[in-house]
Amino acid sequence: MTEDPFVAHRSLLFTVAYEMLGSSADAEDVLQESWLRWADVDRAQVRDPRAYLVRTVTRQALNRLRTLSRSREEYVGEWLPEPLLTSPDVAEDVELAENVSIAMLTVLETLGPTERAVFVLREVFEMPYGEIAEAVGKSAAAVRQIARRAREHVAARRPRVPVSRSEQQAVVERFLAALRTGQLQELLDVMAPDVVLIADGGGLASAAPAPIHGAALVAKMLARPDRVVSAVWLNGAPAGRIELDGRLAAVSLVVENGKVIRIHAIANPRKLTRLDEPAELTR
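Overview of the structure. (Residues numbered from 1 in each chain as written. Predicted model: local features only at pLDDT ≥ 70, side-chain atom pairs only at ≥ 80, totals over all residues. Heavy atoms only, no water.)

1. Observations concerning the overall build of the protein
Within the protein, the secondary structure is distributed over 12 helices and 6 strands. Dimensions along the principal axes, computed over C-alpha positions, put the protein at roughly 65 × 40 × 40 Å. Within the protein, buried positions represent 49% of all 283 residues. For the protein, contacts bridging at least 24 residues in sequence account for 69% of all contacts bridging at least 6. Accessible surface, the protein: about 13600 Å² in total, of which carbon and sulfur atoms supply 50%. Computed over 35 positive and 39 negative side-chain charges, the separation of the two mean positions in the protein equals 5 Å. (Helix = DSSP H or I, 4+ residues; strand = E, 2+ residues; numbered from the N terminus. Buried < 20%, exposed > 50% of the residue type's maximum accessible area, 1.4 Å probe, protein only. Contact = heavy atoms within 4.5 Å. Areas by Shrake-Rupley, 256 points an atom, 1.4 Å probe, with all protein chains shown as cover. Lys, Arg positive; Asp, Glu negative; His and termini not counted. Charge placed at Lys NZ, Arg CZ, Asp CG, Glu CD.)

The structure is reproduced here in structure tokens:
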């Protein structure tokens, strides 16, 4: 028996939905809705099941994005994407790892729904403009213009200096070691002077309500020796898992010139449900 195309492409479809939504829970809901639509389709009329399913998931994710916009505007404190535990293998696809990183997903959150869909389908999954046009309900010419604007928008906000995997891992290990000891000077040594800490508690966990700027302030907040710190791979990059007084947080870092320049700390417990089993992300 031939495997159902939806099952065969499920990892790809999840990755598309997650890239568009920044939430595994919402991505799973989108896949469920898409599966129900797929179940009613006359398969004999579908020439390219993979392209058809990607279009279906994209449309459902766009609908979900538009309904989520208000709830995210009312979100308590800073909103960050939901981190996913991944295997180191995801990092082997450099472009995929960059595009599913917490830093990139945070940038994508500043795009409008259609711009985000076009950027993800074109830049991450390299879909032809014609197929993207069908997915988002625009002309191919309009999609080309949207893609150009989205690329410029993202380029202006993404990390400026590419960092090798080995450098990223070395800096993350130094940072996590400093967290374990709680030594103020060790934290200061691994962070850039203008480092920024962004924390997401969602009103359900203790977190700074606004970004904290500057190494002195950030180090003072982080310098506590009574936490359990472990290294994990999140969203295709080395990162940290922190436990303190029974509470959990995930920490993702942006590195530049051998220093941490941005810290994303996710403490909202509703966003930490995928830290025990690796997610399958693929293109």
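2. Considerations on the packing of helix H2 (residues 10–21) against helix H3 (residues 24–39)
In contact at an axis separation of 8 Å, H2 and H3 are set at 125° when each is read in the N-to-C sense. In terms of orientation, H2 and H3 fall into the oblique class. Between H2 and H3 lies a crossing of right-handed hand. Note on element contacts: H3 touches H2 through Ser24, Asp26, Ala27, Glu28, Val30 and Leu31, opposite Arg10, Leu13, Phe14, Ala17, Tyr18 and Leu21. Its residues assigned to classes, the contact of H2 with H3 shows 8 nonpolar, 1 polar and 3 charged. (Axes fitted to C-alpha atoms, helices over the stretch in contact; angles between N-to-C directions. Parallel < 35°, antiparallel > 145°, perpendicular 65-115°, else oblique. Left-handed = near helix turned anticlockwise from the far one by under 90°. Nonpolar A, V, L, I, M, F, W, Y, C, P; charged D, E, K, R; others polar.)

3. What to know about the sheet that holds strand E5 (residues 247–256)
Strand order in the open sheet formed by 6 strands is E2-E1-E6-E5-E4-E3, with mixed pairing between adjacent strands. What marks the edges here is a single partner per strand, and that holds for strand E2 (212–213) and strand E3 (228–234). Here helix H10 (residues 165–181) sits on the sheet in contact with strand E1 (191–200), E3, strand E4 (237–244), E5 and strand E6 (259–266), set at roughly 160° to E3. (Pairing = 2+ DSSP bridges.)

Don't take any of this as a statement about function, it's just geometry.
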